[in-house]
Amino acid sequence: MSAASEAPKVKNLADLLAVAYQIEADAVDRYNLLADQMETHNNPELVAVFRDLARAEGIHRDEIRRLAGEVDVVAHAQRMAKWKRGESPEEANLGDAHYLMTPWHALQLALKGEERALAFFKSIVETTKDPEIKRMADEFVEEEAEHVNLVHRLLRRHPKPAANWSSDPDPPIPQE
Amino acid sequence: MGFRESVSVAIVGSGGAGALTAGNFLLEAASIAGWQGLLTRTIGPQIRGGEAAALLRLATHPVECMPDRYDILIGLDWLNANRFEAEIEIGANSLVISDPRGGETPPQVAAAGPRVVEIPMKDMAKAIPEGRANMIALGVVGRLIGLGVDTLLVLLEKRLAGKGAAAIKASRAGIQAGYDAAAACKFGERLAGPAINGKRRWLMSGNEAAGLGAIRGGIRFAAAYPITPATEVLEWLAPNLSKMGGALLQAEDELAAINMVIGASFGGTPALTATSGPGLSLMIEALGLATAAEIPIVVIDVMRAGPSTGIPTKSEQADLNIAVYGCHGDAPHVVAAPQSIGDCLFTTQWATYLAETLQSPAIVLSDQFIGQARASIERPADVAFIGQRAKATDVAGAYKRYAIAAGGVSPMAMPGTPGGQYTADGLTHSERGIPTSSERDHNAQLDKRRDKLAQFNFGDHWATAEGAGDLAVVTWGSLTGAAREAIARAAGDGVEAGLLALRLLYPTQPERFATLLDGKKRILIVEQSHGAQFYHYLKAHYDLPAEVRVLNRAGPLPIRASEIHRAIMEWR
Amino acid sequence: MSVVDMRPACKPGDYKSDIKPIWCPGCGDYHVLMSFTRAFAELGLPPENIVVVSGIGCSSRIPAYTTCYGFHGVHGRSLAIAAGLKVTRPELTVVVASGDGDGYSIGGNHFLHACRRNIDMTYVVMDNHIYGMTKGQPSPTTEPEFDTALSPGGTGLRPFHPLVIALASGANFVARCFSGEPNETAAVLVEAIRHPGFSFVEVLSPCVTFRPDEKEWKNYVHPAPVAPTSDPAKAARRLMTDDGFNTGILYRGDRKPYQPSVGQPSIDVSELERDFEL
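Cut-offs used in this document
Residues numbered from 1 in each chain as written. Chains lettered and ligands numbered in written order. Predicted model: local features only at pLDDT ≥ 70, side-chain atom pairs only at ≥ 80, totals over all residues. Heavy atoms only, no water. Helix = DSSP H or I, 4+ residues; strand = E, 2+ residues; numbered from the N terminus. Buried < 20%, exposed > 50% of the residue type's maximum accessible area, 1.4 Å probe, protein only. Contact = heavy atoms within 4.5 Å. Areas by Shrake-Rupley, 256 points an atom, 1.4 Å probe, with all protein chains shown as cover. Axes fitted to C-alpha atoms, helices over the stretch in contact; angles between N-to-C directions. Parallel < 35°, antiparallel > 145°, perpendicular 65-115°, else oblique. Left-handed = near helix turned anticlockwise from the far one by under 90°. pLDDT = per-residue confidence, 0-100. Buried area = accessible area lost by both parts, 1.4 Å probe. Salt bridge = Lys/Arg side-chain N within 4 Å of Asp/Glu carboxyl O. Pairing = 2+ DSSP bridges. Polar contact = N/O pair within 3.5 Å; in protein donor to acceptor, adjacent residues only side chain to side chain. Patch = residues over 30% accessible without salt bridge, like charges linked within 9 Å, V, L, I, M, F, W, Y side chains within 5 Å. Lys, Arg positive; Asp, Glu negative; His and termini not counted. Charge placed at Lys NZ, Arg CZ, Asp CG, Glu CD. Phe/Tyr/Trp six-rings, centres within 6.5 Å; stacked < 30°, edge-to-face > 60°. Lys NZ or Arg CZ within 6 Å of the ring centre and 35° of its normal.

Attention shifts here to the overall build of chain A. Counting secondary structure elements, chain A contains five helices and zero strands. In sequence order, chain A lays out its α and β elements as α-α-α-α-α. Taking the principal axes of its C-alpha atoms as reference, chain A extends roughly 60 × 40 × 30 Å. Every one of the 176 residues in chain A was classed for burial, and the buried ones make up 46%. Restricting to contacts in chain A with at least 6 residues of sequence separation, those with at least 24 account for 80%. Of the roughly 9,400 Å² that chain A leaves accessible, carbon and sulfur atoms contribute 53%.

So this is what it looks like as structure tokens:
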């Protein structure tokens, strides 16, 4: 099931810029949400990791806005249809979060997100007939490839955690 | 032949004899003629065909309790009538009308030594096409007490209008026949002429009065789950709420009913339900929710004999504990109790006003006796108590639903008000309504809910205080009438006593109580509870004089004026 | 731009309050919250005109996490609270949130009657096949062999099938979603809310703490292979072979919603006295 079949339709350059913008904007929100969760659940190391990821995506987002020039990508994105299946490519799957998760886990989520985004832009390059869209989508493919590599480098700094990473000596507490 | 001020009649019959219909007719006819009266009934356990007795007391003055003894006992038949032995007392001066074909006169009836007159009501009815014995009996009693036959006949036309000409003709004939047959009976004094004073009068039951009081107080939504003896409140409200632009919803159980009421009130509509003891037990959790979330609701509990399923058709005053103390945690809320049929209107209206003003549940403790009895009463005065809850309308900034402020009542934002969004919660919450486990917030909110009740001025309606003397009869609810009559009799015997009947059971009013009991050295507590709940409640919350006596009894028999009178006299 | 859009520009963020959820990271309910806010944004309803009513349980914490009016009631009674609210304030949008314990166990009776009554509201049950808040007891939808402290070796009881019950009791809209597909869930919620009468949406929402095995659900769920039907018999037939993981709208009925007319009185209160005048 290709991502393209469930993605919002890209008919022109403005659409592409808006979708690219929204992907990054959604990623910022998602990483901040995860950072909030980690804050409430007392995992400060992961708060820092997710805030950093949110910041990085924020930079990508702002760059696309600059790239878009006069096109109001924010408004345009709001008007476009949303992703039909699953979520926007760089929205990390909330179901994979865990209160004891380690940076390795967070980066795995980020990696998956970047890979999905890469696949999305690749599919646009492959299917579009518009040369302008193709050119710009190709740029985004290169960008996302860079992000993928970056996450791989970060992963080398954080080894896979031990098998008992999620073990908590305290039992769950019923609250009601 | 002289005249008497009151007369009491019992009409007994079974299996479709129509004793209760005859009783209703008699009350209405007498009321139209200008007399005042009170009608109750006592029944067997069957749904149809069971033994039943209509019990009436008619007088030239307001009647608020049943008599000690019945002057006239008319038996359409005596089948299973021994069931009513304790409740229908007669004496040597009583007149018993018996049908020779009505079975054996119950031994306790004969033993009382009354005058017995036989009238063959069944045969007389047979002689009339579609004739009924209860119409014969109606005519008999009407004659005996001095009610004009025309009054009976005019009412008949009105009440049987839908039943067809044949039924009306038969009933006319029956009443007339009974009326004629009674000519030979020597009864003694007839009821003195009614005092025509131009005051408007109504005929209603306590349950109906409660319904009207609710609507007058502003109730526009009711949720209903049927339970004896409260169902009539809801049945009266169903069409009438709708006429007022409100609605009644039948719920699948009491748990749903009380929560529907809470939901409607949360949305801004004053809301009520009515139930009896078993239903109130089911509703207790939700009462705690409404208390904690400060949502105004009214629950009428028409008390019946308990515990558990108990005696559904009989009265008792043993839900005081659960009404006041039933919630887990500390959950103070309003509890009020009407003292008579007419007072059901006032107290329900007042309770609605209190609930809305104080953003609290208000339980109205009525009981089967006043709930289901019917009386002709003076039209109750219009009172200004209409629910007005404090609403947050112009909300700027972060809205604090449960803000701590003077008086303890914080304005409530109605859904739809922009900026007023909050989540009502049973969880302990902060001023903003956010769940918290902090010591500061928990205590602040407990203080708020206690203080809003404690600081409120309930005025003089909180209790009825009458009379003087160093003895006070302290009671509540439907026993107020019997206590009042007992005190009047004692006064006639030269013994002075005062009456203190509490209408507001919670929050307690220690200062007012002390003022009203000032100078009283003795109190006689009267209540219909096996465990003397009211006595223990008074002891817990009030300073009582040194000498206290308690006259308490469970249902099913009402506590009579004569019993209270005797207790007063014995304590001289 | 041609047509003037009268709805204020609504973003999902407008519907999310600043209160941090207590749900465990990884909980499906975070996605459900997302679906709620996305659906509300799509509908363009002002938050003050929406009331989210809930019972007790993890899922029931959701009202305070939105900027709508909320009611966090007692265990199992959310449908009753919602009924009283909606009937007296029909102009409000009422969404009821519950879990499988709150909704199908203690709330079971109210569930039946809410479907039957068909008052216009939307009932979202976040089903995780367990009692989460109280530490992992079996719920009516727990598999019979699932071992818990309160049911060693499993309950051995056949699980409740909520969609069957809803359809049989008269619900006017029946759907199942998976929390891991929040956009799809949002789209279903939009339709459910728009559909008149009682709309029931079961959302499979894994419990990361007590049902880590439910991580597999994303592999089990599959969109229903047929379009929604308005024929209850067809819907019932489909449910006979339902594996519990079919997602999508099953049934859209056309029963008229129950709503007594409320508002203006047709008489003056003094006319009620005629019942009693002698």
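Next up on the list: the packing of helix H7 (residues 206-217) of chain B against helix H12 (residues 341-358) of chain B. Between two packed helices, both the angle of their axes relative to each other and the distance between the axes serve to describe the pair. Residue and element names in this part refer to chain B. Packing of H7 against H12 leaves a shortest axis separation of 7 Å and a crossing angle of 30°. In terms of orientation, H7 and H12 fall into the roughly parallel class. For the pair H7 and H12, the crossing hand works out as right-handed. Residues Gly206, Ala209, Ala210, Leu212, Gly213, Ala214, Arg216 and Gly217 of H7 lie in contact with H12, whose contacting residues are Ile341, Cys344, Leu345, Thr348, Gln349 and Thr352.

Turning next to the confidence of the model for chain A. Residues and elements named next belong to chain A. Averaged over all residues, the pLDDT of chain A is 91; the fraction at 70 or higher stands at 97%. Mean pLDDT across the elements of chain A ranges from a minimum in helix H3 (residues 73-79), with 90, to a maximum in helix H4 (residues 103-127), with 96. Confidence drops under a pLDDT of 50 for residues 1-5, and excluding neighbours within four residues, the segment shows four contacts in the predicted structure.

Before going further, it helps to spend a moment on the interface of chain C and chain B. If you look at the interface, chain C gives 48 residues, while chain B gives 57 residues. Here chain C meets chain B over a buried area of about 4,200 Å², counting both sides, of which 63% is carbon and sulfur. Area buried by chain C at its contact with chain B is led by Tyr69, Phe276 and Leu278 of chain C, which between them contribute 20% of it. For the pair chain C and chain B, the number of links is five salt bridges. Here Glu273 of chain C ties to Arg200 of chain B by a salt bridge, and the two come within 3.7 Å at their closest N and O atoms.

All names here are of chain B. Strands sit in the order E18-E20-E19-E22-E23 across an open sheet of five strands; the sheet is mixed. This sheet does not close on itself; its edge strands, each paired only once, are strand E18 (463-466) and strand E23 (547-552). Each neighbouring strand pair of the sheet contributes to a mean axis angle of 15°, computed without reference to strand direction. Summarising the sheet, strand E22 (residues 522-527) and E23 pair through six bridges and their orientation is parallel. Bridge pairing in E23 links Val526 to Leu551. Strands in contact with helix H15 (residues 479-492) are E18, strand E19 (471-476), strand E20 (498-502) and E22; relative to E19, the strand with the most contacts, it is inclined by about 160°.

Another point: the side chain of Ser98 of chain B. Residue and element names in this part refer to chain B. Along the chain, the position of Ser98 falls in strand E6 (residues 95-98). Assessed through its relative accessible area of 2%, Ser98 is described here as buried. Ignoring any residue separated from it by four or fewer positions in sequence, one finds Ser98 in contact with Gly75, Trp78, Thr105, Val116, Val117, Glu118, Ile119 and Met121.

A separate point is the environment of Gln372 of chain B. Residues and elements named next belong to chain B. One can find Gln372 in helix H13 (residues 368-372). Assessed through its relative accessible area of 17%, Gln372 is described here as buried. For the pair Gln372 and Lys314, spaced 58 residues apart in sequence, the C-alpha separation works out to 9.9 Å. Setting aside residues up to four positions removed in sequence, Gln372 forms contacts with Arg41, Ser205, Asn207, Pro229 and Glu232. Among the polar contacts listed, one links the side chain of Gln372 to the side chain of Glu232, at a separation of 3.4 Å.

It is worth spelling out a positive patch on the surface at this point. A grouping of Lys112 and Arg116 of chain A together with Lys215 and Lys218 of chain C is seen on the molecular surface, where their side chains present a positively charged patch. Checked against the element boundaries, Lys215 of chain C lands in the loop between strand E6 (198-204) and helix H7 (217-220).

A few words on the sheet that holds strand E15 (residues 361-367) of chain B. Residue and element names in this part refer to chain B. A sheet is described by the order of its strands in space; here seven strands give the open sequence E11-E10-E12-E13-E15-E14-E21, paired in mixed fashion. Taken across any chain shown, the strands that pair with only one partner, and hence form the sheet edges, are strand E11 (247-250) and strand E21 (504-506). Across the sheet, the mean angle separating the axes of adjacent strands is 20° when strand polarity is ignored. Alignment of strand E10 (residues 221-224) against strand E12 (residues 271-275), held across two bridges, turns out to be parallel.

Moving on, we come to unusual backbone geometry. The peptide bond linking Tyr506 of chain B to Pro507 of chain B adopts the cis configuration, its omega dihedral lying at 0°. Within the secondary structure, Pro507 of chain B sits in the loop between E21 and helix H16 (510-516). A positive phi angle, close to 60°, is found at Asn42 of chain A, a residue other than glycine. Among the secondary structure elements, Asn42 of chain A is positioned in the loop between helix H1 (13-40) and helix H2 (44-68).

Right, let's talk about the side chain of Asp100 of chain C for a bit. Residues and elements named next belong to chain C. Along the chain, Asp100 turns up in helix H3 (residues 100-106). In this structure Asp100 is buried but unpaired, with Arg211 as the nearest side chain of opposite charge at 7.3 Å. A distance of 2.5 Å separates the side chain of Asp100 from the side chain of Ser139, its partner in a polar contact. Those residues in contact with Asp100 that lie beyond four places of it in its chain are Ser105, Val125, Met126, Asp127, Asn128, His129, Ile130, Ser139, Pro140 and Thr141.

Our focus in this paragraph is the pattern of salt bridges. All names here are of chain B. Tallying each qualifying case throughout the model produces 49 salt bridges over all chains. When the shortest N-O distance is used, the salt bridge between Arg489 and Asp68 registers 2.7 Å. Of this pair, Arg489 sits in helix H15 while Asp68 sits in the loop between strand E4 (52-59) and strand E5 (72-75); the two residues are 421 residues apart in sequence, bridging distant segments of the chain. In this structure Arg489 comes out as partly exposed when scored by relative accessible area, which is 26%. A residue is classified by how much of its surface remains accessible, and Asp68, at 17% relative accessible area, is buried. Between Lys199 and Glu378 there is a salt bridge; the shortest N-O distance is 3.7 Å.

What characterises a pair of aromatic rings is the spacing of the ring centres plus the angle enclosed by the ring planes. Tallied over the full model, the rule gives 33 aromatic pairs over all chains. When the ring of Trp236 of chain B is compared with that of Phe276 of chain C, the centres are 5.8 Å apart and the planes differ by 25°; the resulting orientation is stacked. Here Phe276 of chain C lies in the segment after strand E8 (246-252) and Trp236 of chain B lies in helix H8 (residues 231-243), a pairing that spans two chains. The same class applies to Trp236 of chain B and to Phe276 of chain C, which are both buried. Ring geometry for Trp476 of chain B and Phe534 of chain B: centres 6.1 Å apart, planes at 40°, overall tilted. Within this pair, whereas Trp476 of chain B is found in strand E19, its partner Phe534 of chain B is found in helix H17 (residues 533-541), the two being separated by 58 residues in sequence. Exposure class is identical for Trp476 of chain B and Phe534 of chain B. Each is buried. Here a set of aromatic residues connected by ring pairs shows up, and it is made of Phe266, Tyr399, Tyr402 and Tyr422 of chain B together with Tyr69 and Phe71 of chain C. Taking the ring centre of Trp571 of chain B as reference, the NZ or CZ of Arg522 of chain B above it sits at 5.1 Å.

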